[in-house]
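Take a look at the letters that make up each chain.
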Amino acid sequence: MADEARIGAARSTRSLGWAIVLFLVLPITIVVPVSLTDQRYLSLPQDGLSLRHYVNLFSSAEWLSSIAQSFVIALGAATISVVTGTLCAIGCWRIGSRWSELVRVLMLVPIIVPTIVYALGLYRLWVQLDLLDSYFGVMLAHGVTGIPYVVVIVSTSLASFDPRLEQAARNLGASVPYALRRVILPGIMPGVISGAIFAFIHSWDELVLVLFIASRTIFTLPRRIWDGINEHLDPTMAAVAAVLVVITGLLLLLDMRARRRAAE
Amino acid sequence: MTAHAEAGVLSGRRPFFRDQWNAYWLMVAPAALLMAAFYFYPLVQVLWISVTEPSPGLDNYAQLFTNLSIRRTLVTTARICVVTTAITVVLGYVVAYVLVHASPRAQRWLFLGVLVPLWISVLVRAFAWVTLLAREGLINHALRDAGLIDQPLALIWNELGITIGMVHYMIPYAVLPLYASMRDIDARTVSAARGLGATRLYAFRRVFLPQSLPGIIGATVLVFIFSLGFFVTPAILGGGKTLMVAEFISLQILDLLRWGLGTMLATSLVLFIFLLLAALARVVDLKRLFGAG
Amino acid sequence: MREEQTFAQDCAELLRDELAAGRIDRRTFLRGLAALGIAPAALAGSGLLAGEAAAQGAKPKEVVLANFGGDAVPAFTEAFAKPFEAQQGVKMVIDGSGPTTGKIKAMVDARKVIWDIIDSGTGQAYQLGEAGYLEPIDYSIVDKKKLDPEFAYKWGVINYYFSTVLAWDSSKIQGTPTYADFFDVKKIPGKRMLRRTGLAMLEPALIADGVAPDKLYPIDQKRALAKVGSIKADSLYWNSGAESQQLMRTGECVMGLLWHTRANVLERDTGGRIKWTFAQAILQPGIWIIPKNPPAGAAWANRAINAMQEPAGQVLLLDRMGNGPANPAAASLVKPEANRANPAAPENIAKQIKFGGEWWMQNQEQLAQAFLDLISS
């Protein structure tokens, strides 16, 4: 199928596509030289290269704990978003009534409303529930605001999924959960994974809510970067970015390798 | 996972839940309840401020028509968001198209390229652009060294810089839904059209494009709504001269204590998007957009 | 429960009177409190009750000072928290999570105040104070003799000085430019840099327009904004101090109005390429405020503010961050070489223009919007 399909992509289109991806990647690569700067502020190296910002990153308890906090929170938040969001998207898709459409349209509200407005409400509620400045509080806030991304993306994926497949499975006696696990989920897996990535990154990069509901305990990575930027454009954030780029790259390469081996 | 189990158990035990529709509503329930309790409840309380502060009534909403700063901010926001969305969706479409048609190996690399930027904080990305686009930045230096320009180009501190930064940020968010919907287009339909003598372009336009429409609409709506709430990138790359509505609201709430005005704008934004979606629903089938097939 | 507490408080008050009259010592006082079952640590736990009791003088568990993070957290810890702890036996914590006006309002509205003292400014102090979100400064505890009474306001009091100075790129500009040059892009081409909130930006504009430095207040807003608007096409505006540094350092702007602390670091980082001056700079107070019902109690918040007027800590803060000591007695402790960048040095105070806090208090809120409208149109 891939071979047949490739007929459709002209060389010029392909070049354009690669050029756009380069446009995405190249500006990011600048974080590598910037992270090696010999200056104490975000800039290109001036008189030579220096590893001091990496040393700072890996020897500073603050930066490391921020990375760990962000990771744990994003993982928890993404789990909440993906599990509930995927279920919700599938449920709405199968029901397909006015009411389920309303649910899906309402899911857009968190993407529309500027975060600061919600932050205000969240703060008041978290005071009542005593969730301020706690892991669980941030995780829940990020998890809930991540649900819409998952719903939207999984729904897009479902749009091109043939509902008759599920119907057929059900007619053959499969229960709803069984059909879900064996028929629907495998079919929309790319959408679910995209949704998971979005949900994770939504939490990983979220600053406005954290600035409102965190004080002394929770100091996530974006908050640390924000702190460094306001101070003197601390190049440590470039070192963090460079490390993340390398890790993402390595993971994808590993995955590629595993697949190649599996293919052999 | 517990939710599926629950649905299963319930559908087995009680006749009421044997109806599969109820099982599906049970699938919707966790997300709906979480959102209701931890999103909509606190949000509505805050939005309510728009009709109570500083005095009860619709005074804040009247400002929508009388306040010049609000009008200017809205016009700027609309302009930037429309331009950004248009460019983003076109570029994202090309990437998604190339992605679905690429070999698995090339796909991996393309995915790497699309996903890597997502990991970099929006703040870091904005400052990366400053390093590149500034007067004494890398691009101007390179162009000057190549003898192409005498004076540095004004690539930043204007809407050009903002658009570059925002498009760069948004493309991955357009590619993912587009890819998800294109991936399931049956390539044989295009091949068949080609086999029947259609040109490449014709086959694309008449066969592939219509099938990818849900993805396009989904990506457009997502990117547009997303860019409405943007302000870090515009504030940094615009040299402080650009004020978008999300930052305007943020200022009212964080610095000026005009909570009524800020929440009024937020409420209006939500209503505006819903009206837009309702209008859109007359032209395209929203159910298709949200995956009801 | 309520009655019991009142009684205990009454006893506590009695003890405090005894202590004040010198009939008992501090140790006895604390032991007395403990006997009443209102151990200081338990009292400071949380809530209004603890606050009330603490207001009576009981030792809180800690005093929390909120600022905007970064280097200010370790610097404040060294300069203020440690001496305070040593002297008073009460822990002081610096919370760098950013006390924006909106967050303070949300906190007080929700009756969940977690800060005792907030690093603030005149505009914010007035805005919050008049809206009922602050405790007034108690000048029976905060000693006015340790500061310039001009910056002792009802809702806030000075702890340090900073200055908005003119900096320029000496590789592009010969000599020392004036405010008139700053607003004259024909004479000296190149981008200018101003603060995006407009704070302390109107004074230079008026001086450039010919207003005498002693006739600035009340500010002729229309005239000042027109002057700022006249160079709009050639201006960039900074939000954070770090951004102001970057715009000057990278040669994006040839002249800028920015904080003296940032200008000083710029001069060092660029090896003297960026120069700056205190001449006609706007000398501003860093104002400390107390939110309504602070957890440690208003009395302790005031006490901490007073303790932080000690010259030693303020001089340390000057060394670490460049903030000028508010206590005039600190002048003799400052090393001569540190005075170059000390806005509070007597010779530098003489060169600068004192910020019209009273005028800005009344007008800052409305002006911030007007300024933003001007630059974003």
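Values in this document were obtained by computation on a predicted structure and should not be read as measured data.

### Things to note about the interface of chain B and chain A
Interfaces are often described in size by the accessible area the parts lose on coming together. Across the contact, 102 residues belong to chain B and 109 residues belong to chain A. Summed over both sides, the interface of chain B with chain A buries roughly 10000 Å², with 80% coming from carbon and sulfur. Where chain B meets chain A, there are four residue pairs in polar contact (both at pLDDT 80 or more). Per-element tally for the side of chain B that touches chain A: the top contributor is helix α2 (residues 20-47) of chain B, with 21 residues.

### Observations concerning the pairing of strand β1 (residues 62-66) of chain C
Residues and elements named next belong to chain C. Across the five residues of β1, five count as buried, placing the element largely inside the fold. The two faces of β1 match: E62, V64 and A66 on one face and V63 and L65 on the other face are all buried. In this structure, β1 lies alongside strand β2 (residues 91-95), joined through five bridges in parallel fashion. By the bridge assignment for β2, A66 is matched with D95. You can see the chain leave β1, run along helix α5 (residues 72-88) and come back into β2, and the turn it takes is right-handed. For β1 and strand β3 (residues 117-120), the ladder comprises two bridges, and the chain directions are parallel. Bridging across to β3, L65 finds its partner in I117.

### Some remarks on the pattern of salt bridges
A side chain of one charge can pair with a side chain of the opposite charge when the charged atoms of the two come close. All told, the structure shown has 26 salt bridges over all chains when counted by the stated rule. E62 of chain C is the salt-bridge partner of R216 of chain A, the closest N and O atoms lying 3.1 Å from each other. Here R216 of chain A is found in the loop between α13 (208-213) and α14 (221-232), whereas its partner E62 of chain C is found in strand β1 on a different chain. The salt bridge involving K82 of chain C is made with E78 of chain C; its shortest N-O contact spans 2.8 Å.

### Considerations on the packing of aromatic side chains
Under the counting rule described, the total for this entry stands at 31 aromatic pairs over all chains. For the pair F71 of chain A and F200 of chain A, a centre-to-centre distance of 5.9 Å together with 70° between the ring planes defines the contact as edge-to-face. One end of the pair, F71 of chain A, is in helix α5 (residues 61-95); the other, F200 of chain A, is in helix α12 (residues 189-204), with 129 residues separating them in the sequence. Here F84 of chain C and W300 of chain C contribute two aromatic rings whose centre-to-centre distance is 6.5 Å and whose plane-to-plane angle is 90°, an arrangement assigned as edge-to-face. Of this pair, F84 of chain C sits in helix α5 while W300 of chain C is found in helix α13 (residues 298-307), placing the two residues 216 residues apart along the sequence. The pair formed by F84 of chain C and W300 of chain C is uniform in burial state, with each residue classed as buried. Taken together, the aromatic side chains of Y149 and F198 of chain A together with Y169, Y173, F226 and F230 of chain B make up a single cluster linked through ring pairs. A cation over a ring is seen here: R223 of chain A above F219 of chain A, with NZ or CZ 3.9 Å from the ring centre. R192 of chain C extends its terminal NZ or CZ atom over the ring of F182 of chain C, reaching a point 6.0 Å from the ring centre.

### Remarks on the packing of α5 of chain C against helix α14 (residues 311-321) of chain C
All names here are of chain C. At a minimum axis distance of 8 Å, the contact between α5 and α14 shows a crossing angle of 155°. Here α5 lies roughly antiparallel to α14, going by the angle between them. Judged by the twist between their axes, the crossing of α5 over α14 is right-handed. Between α5 and α14, the residues in contact are A72, P74, A75, F76, E78, A79 and F80 and G313, Q314, L316, L317, R320 and M321, respectively. Residues of the contact of α5 with α14, tallied by class, amount to nine nonpolar, two polar and two charged.

Rules used throughout
- Each residue is numbered by its place in its chain's sequence as written, counting from 1.
- Going through the entries in the order they are written, you letter the chains from A and number the ligands from 1.
- Reporting of local features is limited, given that this is a predicted model, to residues whose pLDDT is at least 70; pairs of side-chain atoms are given and counted only at 80 or more, and all residues count toward the totals for whole chains, interfaces and linings.
- Side-chain metrics in this entry use all non-hydrogen atoms of the structure; hydrogen atoms and water are not considered.
- Contact criterion: two residues are considered in contact whenever any of their non-hydrogen atoms come within 4.5 Å of each other.
- Buried area is a sum: the accessible area each of two parts loses on coming together, probed at 1.4 Å, counted once for each and added.
- In protein, a polar contact requires one atom able to donate a hydrogen and another able to accept it; more generally it is a pair of N or O atoms within 3.5 Å, and residues adjacent in sequence count only if both atoms are side-chain atoms.
- A run of DSSP states H or I qualifies as a helix once it reaches four residues; a run of E qualifies as a strand once it reaches two. Both are numbered from the N-terminal end.
- Think of it in three bands: with a 1.4 Å probe and only protein chains considered, a residue is buried below 20% of the maximum accessible area for its type, exposed above 50%, and partly exposed in between.
- Pairing between strands requires that DSSP locate at least two bridges from one strand to the other.
- Here the term right-handed applies to a crossover when the path leading from its first strand over the helix to its second strand runs clockwise, the strands being oriented away from the viewer.
- Take a side-chain nitrogen of Lys or Arg and a carboxyl oxygen of Asp or Glu: if they are within 4 Å of each other, that pair is a salt bridge.
- For Phe, Tyr and Trp, where Trp contributes only its six-membered ring, two rings pair if their centres lie within 6.5 Å, and the inter-plane angle classes them as stacked under 30 degrees, edge-to-face over 60, or tilted in between.
- The rule is short: NZ of Lys or CZ of Arg within 6 Å of the ring centre and within 35 degrees of the ring normal puts a charge over the ring.
- The axes used here are C-alpha line fits, helices contributing only the stretch in contact, and every angle between their N-to-C directions lies in the interval 0 to 180 degrees.
- Any angle that falls under 35 degrees is termed roughly parallel, while one over 145 is termed roughly antiparallel, one within 65 to 115 roughly perpendicular, and all others oblique.
- By the definition used in this description, the sense in which the near helix is turned from the far one sets the handedness, with an anticlockwise turn below a right angle giving left-handed and a clockwise turn giving right-handed.
- The residue classification treats Ala, Val, Leu, Ile, Met, Phe, Trp, Tyr, Cys and Pro as nonpolar and Asp, Glu, Lys and Arg as charged. All others, Gly included, are polar.

Don't take any of this as a statement about function, it's just geometry.
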